[in-house]
Amino acid sequence: MSTAPVATPHVASPPAGSPSPRRTGSAQAPDPATTPTTAPPTVTDPALVRRAVKAAALGNAMEWFDFGVYSYIAVTLGKVFFPSGNATAQLLSTFGAFAAAFLVRPLGGMVFGPLGDRVGRQKVLAVTMIMMAAGTFAIGLIPSYGAIGVGAPLLLLAARLVQGFSTGGEYAGASTFIAEYAPDKRRGFLGSWLEFGTLAGYIGGAGLVTLMTALLSSDDLLSWGWRIPFLIAGPMGIIGLYLRMRLEETPAFAAEVSKAESERPKVPLRDMVTGQWRALLLCVGLVLVFNVTDYMLLSYMPSYLTSELGYDATHGLVVVLGVMVLMMVVQPFAGALTDRVGRRPVIAAGCAGFLALSVPALLLIRDGGLLAVAVGMGALGLLLVCFTAAMPSALPALFPTRVRYGSLSIGFNVSVSLFGGTTPLVVTALIGATGDMMMPAYYMMAAAVIGGFAVWRMAESAGRPLPGSAPSLEAETHRENA
């Protein structure tokens with residue numbers, strides 16, 4: 001990665017007629033750590049950028065294959081680990097273990113995030129990959145409740161906690177990694193490939209579960225078939241680790257290290273919270289709407305279709321699989337759109353869409369045939385793309401380089417733990433308590449209101465340098481400006 005001593009390009013300044021990033025409601029306080037620097041721009045090597053994006057996205061896909069399989073096979077896991085005569089109680093217990101992993105995510109974020117700001121993003125992302133794969137592989141080896149009794153759900157819980165702890169450092173690290181490598185004018189497009197990888201992981205998990213459900217008898221699936229997706233995590237983890245070990249550190253982090261004589265000085269955890277509290281609040285609100293809708297659609301809906309609406313398990317999974325393929329096709333184009341029109345308009349459109357269309361979409365899903373279910377799910381999926389395309393570039397831009405990994409890990413994981421990962425558990429409990437099958441729609445609408453307020457208060461970051469970092473240009477753009 002090279003730099004050239006040329007003047008800071010115009011991309012560092014807001015476009016004419018656009019609001020200043022330091023206006024009221026901006027996520028950053030006006031101090032030197034959060035404002036763009038006047039240092040010479042970083043000239044990105046396209047080959048290195050592509051390799052960084054591929055490795056982060058592919059690693060994320062493998063992480064979320066591991067994590068997502070659990071939700072796709074939740075009904076079967078309930079029977080294996082939580083024997084009960086009540087199907088709702090089984091599902092609640094299974095999603096309770098699912099949610100428990102999210103309770104330790106903030107702890108993982110508090111460990112891995114600050115560590116990533118001190119020793120480097122690449123090293124920490126390699127560790128999270130190892131832990132996630134090990135936790136998932138372990139689930140495939142746990143004996144059933146019928147074999148060892150209460151020890152089975154306890155071991156399941158322990159493996160889920162390992163998964164949750166490692167995931168606490170994953171998304172913030174991967175999004176930070178891509179954001180710090182990407183040129184300023186293409187950060188939205190390149191960042192969108194992170195969620196492309198997530199969707200690919202989900203599709204891999206959903207496709208495998210769908211195939212097993214179609215090919216295996218109920219008895220075979222219950223006795224041994226459910227283990228297959230979890231055992232695949234072992235070789236997948238080795239591949240992901242190889243990809244991440246080949247990465248180089250980001251230019252932004254390398255520049256921070258060069259300011260000191262040796263290793264980056266440690267930033268106290270308190271400073272990552274109290275010093276960034278405005279940005280953290282915005283992060284929590286944005287991640288809330290992002291993850292409530294994400295987990296509602298991709299994790300909870302397969303079980304909702306099967307357990308609450310009585311759809312055949314295979315049909316329910318096929319519909320969700322189709323929605324994710326649609327989202328993957330649209331994802332890069334939506335990411336590029338955020339570079340053209342900004343992150344704020346795209347996220348705001350998603351919030352408005354969920355507020356207006358959640359009830360009609362769920363009515364289609366509830367009362368229509370398979371085509372109506374597909375239309376309702378497809379509409380929600382396209383709205384979700386507004387978040388999956390914009391968030392990987394919008395969230396890292398809330399924080400300065402010196403605390404970006406740590407502060408983003410804390411804000412992201414606190415929000416996911418409280419609101420995102422608990423979505424299946426809370427909505428299932430609300431339906432059980434009220435009997436109202438429209439609860440998923442009401443929950444998404446409430447999240448959209450909170451997300452809308454957050455996007456109203458955030459500053460636009462499209463086309464601008466990351467806070468505290470020099471402008472980042474593509475090699476061809478640099479030659480044109482030189």
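Residues numbered from 1 in each chain as written. Predicted model: local features only at pLDDT ≥ 70, side-chain atom pairs only at ≥ 80, totals over all residues. Heavy atoms only, no water.

Okay, the overall build of the protein next. Summing up its helical and strand segments, the protein has 22 helices and three strands in all. Taken over 482 residues, the protein has a buried fraction of 57%. Summarising the internal contacts of the protein: among those between residues at least 6 apart in sequence, 87% fall at separations of at least 24. For the protein, the accessible surface area stands at approximately 17,800 Å², while carbon and sulfur atoms represent 68% of it. (Helix = DSSP H or I, 4+ residues; strand = E, 2+ residues; numbered from the N terminus. Buried < 20%, exposed > 50% of the residue type's maximum accessible area, 1.4 Å probe, protein only. Contact = heavy atoms within 4.5 Å. Areas by Shrake-Rupley, 256 points an atom, 1.4 Å probe, with all protein chains shown as cover.)

The next subject is the confidence of the model for the protein. Looking at the protein as a whole, the pLDDT averages 82, with 85% of positions reaching at least 70. Strand 1 (residues 2-3) is the least confidently modelled element of the protein, averaging 38 in pLDDT, while helix 21 (residues 439-457) averages 95, the highest of any element. Taken together, the stretch residues 1-33 has pLDDT below 50 and engages in 77 contacts with residues farther than four places along the chain or on a different chain. Every residue in residues 478-482 is under pLDDT 50, and counting partners more than four places away or in other chains gives five contacts. (pLDDT = per-residue confidence, 0-100.)

Once that is clear, we can look at the pattern of salt bridges. For the structure on display, the rule yields seven salt bridges. Between arginine 121 and glutamate 180 there is a salt bridge whose closest N-O contact spans 2.7 Å. In this pair, arginine 121 is assigned in helix 5 (residues 121-139) and glutamate 180 in helix 8 (residues 170-181), connecting sequence segments 59 residues apart. Glutamate 180 sits in the buried class, given a relative accessible area of 5%. Salt bridges linked by common partners bring Asp117, Arg121, Glu180 and Arg404 together as one network. (Salt bridge = Lys/Arg side-chain N within 4 Å of Asp/Glu carboxyl O.)

The topology assignment puts threonine 136 in helix 5. By relative accessible area, which is 1% here, threonine 136 ends up buried.

Now for a nonpolar patch on the surface. Judged by side-chain polarity, Leu107, Met110 and Leu269 come together as a nonpolar surface patch covering roughly 240 Å² of accessible area. Here leucine 269 lies in helix 14 (residues 269-274). (Patch = residues over 30% accessible without salt bridge, like charges linked within 9 Å, V, L, I, M, F, W, Y side chains within 5 Å.)

Right, let's talk about the packing of aromatic side chains for a bit. Under the criterion given, the structure shown has eleven aromatic pairs. Among the aromatic residues, those joined into a ring-pair cluster are Phe81, Trp226 and Phe230. Over the ring of tryptophan 456 we find arginine 457; its NZ or CZ atom is 5.4 Å from the centre of that ring. (Phe/Tyr/Trp six-rings, centres within 6.5 Å; stacked < 30°, edge-to-face > 60°. Lys NZ or Arg CZ within 6 Å of the ring centre and 35° of its normal.)

To continue, consider the environment of arginine 270. Within the secondary structure, arginine 270 sits in helix 14. For arginine 270 and serine 407, which are 137 residues apart along the polypeptide, the C-alpha to C-alpha distance reads 10.0 Å.

It is worth spelling out the environment of proline 471 at this point. Here proline 471 is to be found in the loop between helix 21 and strand 3 (472-474). Proline 471 sits in the buried class, given a relative accessible area of 0%. Each C-alpha atom, one on proline 471 and one on lysine 185, is 9.9 Å from the other, the two residues being 286 residues apart in sequence.

Their axes nearest at 8 Å, the elements helix 15 (residues 277-308) and helix 19 (residues 404-420) cross at an angle of 45°. Our classification of the angle between helix 15 and helix 19 gives oblique. Classified by chirality, the crossing of helix 19 by helix 15 is right-handed. Between helix 15 and helix 19, the residues in contact are Leu280, Cys283, Val284, Val287, Leu288, Asn291, Val292 and Tyr295 and Ser407, Leu408, Gly411, Phe412, Ser415, Val416, Phe419 and Gly420, respectively. Class assignment for the residues of the contact of helix 15 with helix 19 results in eleven nonpolar, five polar and no charged. (Axes fitted to C-alpha atoms, helices over the stretch in contact; angles between N-to-C directions. Parallel < 35°, antiparallel > 145°, perpendicular 65-115°, else oblique. Left-handed = near helix turned anticlockwise from the far one by under 90°. Nonpolar A, V, L, I, M, F, W, Y, C, P; charged D, E, K, R; others polar.)

Grouped together as the largest cluster of nonpolar side chains are 114 residues, with contacts concentrated most on Ile347, Phe387 and Leu395. Among the elements that line this core, the one with the most residues is helix 15, at 18 residues. In contact with isoleucine 347, other than residues within four places in its own chain, are Leu286, Cys386, Phe387, Ala390, Met391, Ala394, Val455 and Met458. (Core = buried A, V, L, I, M, F, W, Y, C linked by side-chain atoms within 4.5 Å.)

As a further point, take the state of the cysteines. By the definition in use, this model includes zero disulfides. Left unpaired, cysteine 351 is separated from the closest cysteine sulfur, that of cysteine 386, by 8.7 Å. (Disulfide = S-S within 2.5 Å.)

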